[in-house]
Amino acid sequence: MKNISFRTDVLPLKDILYRLALRITLNREDAEDIVQETLIKVWDRRDSWDEIESIEAFSLTICRNLALDHQRRMENRHLSLDETPIERPDSRSLSPAEAMISADRISLVRRLVDSLPEKQRSCMQLRDFEGKSYREIAQVLGITEDQVKVNIFRARQTIKQRFNEAEDYGL
């Protein structure tokens, strides 16, 4: 087994844990609290690190479970990711109208991702934003790789359909 160090193996995961928690809770402060709680729980389990196959999957699983528990306590209160800054394309290459349209489209996609069911949102977050493999996602979420693929497919289809509807309607 690999000798796991908190400083070199666990702490570098904090950004990934934060993005996962943020994607589930949709709130920066709550995500930060969940990451701190995750790191504490991982540290508390340091005696069993030798038995863990992947410290990253272990940490992501704890983070996901804490975020879901938090959501249940908050009675599924959904906030938008509109509070987070939007990464805009190089403003020198776009006219003001194009920049506004681009920002609106990014905001729309964020709202669409936020509206997905939790499992689809988590699968999409881990695959498309974090670059995790299907196997890693299945391990983190406790589902099969086929279920991961189905959830990602459905999430992408839903976003594509709703985005096209909004674009056609002009919202």
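Residues numbered from 1 in each chain as written. Predicted model: local features only at pLDDT ≥ 70, side-chain atom pairs only at ≥ 80, totals over all residues. Heavy atoms only, no water.

### Section: the overall build of the chain
Here is step 1: Along the backbone of the chain there are 8 helices and 0 strands.
Here is step 2: Each helix and strand of the chain, ordered N terminal to C terminal, gives the series α-α-α-α-α-α-α-α.
Here is step 3: Pairs at least 24 residues apart make up 66% of the contacts formed inside the chain by residues separated by at least 6 positions. (Helix = DSSP H or I, 4+ residues; strand = E, 2+ residues; numbered from the N terminus. Contact = heavy atoms within 4.5 Å.)

### Let's talk about the packing of helix α6 (residues 118-129) against helix α8 (residues 145-169)
Here is step 1: In the contact formed by α6 and α8, the axes pass within 8 Å of each other and the chain directions differ by 95°. For the element pair α6 / α8, the angle class is roughly perpendicular. On α8, the residues touching Lys119, Gln120, Cys123, Met124, Arg127 and Asp128 of α6 are Val148, Asn151, Ile152, Arg154, Ala155, Arg156, Thr158 and Ile159.
Here is step 2: Partitioned by chemical class, the residues of the contact of α6 with α8 number 6 nonpolar, 3 polar and 5 charged. (Axes fitted to C-alpha atoms, helices over the stretch in contact; angles between N-to-C directions. Parallel < 35°, antiparallel > 145°, perpendicular 65-115°, else oblique. Nonpolar A, V, L, I, M, F, W, Y, C, P; charged D, E, K, R; others polar.)

### Concerning helix α2 (residues 14-25)
Because an α-helix packs 3.6 residues into every turn, residues spaced three or four apart end up facing the same way.
Here is step 1: End to end, α2 covers 16 Å across 12 residues, agreeing with the expected 16 Å (1.5 Å per residue, within 8%).
Here is step 2: Among the residues of α2, Ile16, Leu17, Leu20, Ala21, Leu22, Arg23, Ile24 and Thr25 are the ones counted as buried.
Here is step 3: In this structure, the buried side of α2 is in contact with α3 (28-44), α4 (55-73), α5 (96-114) and α6.
Here is step 4: A positive phi of about 65° marks leucine 26, the residue just after α2. (Expected span 1.5 Å × (residues − 1). Buried < 20%, exposed > 50% of the residue type's maximum accessible area, 1.4 Å probe, protein only.)

### Regarding α6
Here is step 1: Taking 1.5 Å of rise per residue, the 12 residues of α6 would be expected to cover 16 Å, and the 15 Å separating its terminal C-alpha atoms lies within 8% of that figure.
Here is step 2: Within α6 the residues assigned to the buried category are Gln120, Arg121, Ser122, Cys123, Met124, Gln125 and Leu126.
Here is step 3: Among the residues trailing α6, glycine 131 stands out with phi positive, at a value near 75°.

### As for the environment of isoleucine 16
Here is step 1: The topology assignment puts isoleucine 16 in helix α2.
Here is step 2: Isoleucine 16 gets classed as buried once you look at its relative accessible area, which sits at 16%.
Here is step 3: The spacing of isoleucine 16 and glutamate 56 is 40 residues in sequence and 9.4 Å in space, taken between C-alpha atoms.
Here is step 4: When neighbours within four sequence positions are excluded, isoleucine 16 is seen to be in contact with Glu56, Leu60, Glu130 and Lys132.

### As for the packing of aromatic side chains
Here is step 1: What the rule picks out here adds up to 3 aromatic pairs.
Here is step 2: Judged by centre distance (5.3 Å) and plane angle (80°), the rings of phenylalanine 6 and tryptophan 43 are edge-to-face. Of this pair, phenylalanine 6 sits in helix α1 (residues 6-10) while tryptophan 43 sits in helix α3; the two residues are 37 residues apart in sequence, bridging distant segments of the chain.
Here is step 3: Exposure remark for phenylalanine 6: the relative accessible area of 19% places this residue in the buried category.
Here is step 4: Of the residues examined, tryptophan 43 reaches a relative accessible area of 39% and is grouped as partly exposed.
Here is step 5: Where phenylalanine 6 meets tryptophan 49, the ring centres are 6.3 Å apart and the plane angle is 5°; that geometry is what we call stacked. Taken together, the residues phenylalanine 6 in helix α1 and tryptophan 49 in the loop between α3 and α4 connect sequence positions 43 residues apart.
Here is step 6: Of the aromatic side chains, those joined through ring pairs into one cluster are Phe6, Trp43 and Trp49.
Here is step 7: Sitting above the plane of the tyrosine 134 ring, arginine 127 keeps its charged end 4.2 Å from the centroid. (Phe/Tyr/Trp six-rings, centres within 6.5 Å; stacked < 30°, edge-to-face > 60°. Lys NZ or Arg CZ within 6 Å of the ring centre and 35° of its normal.)

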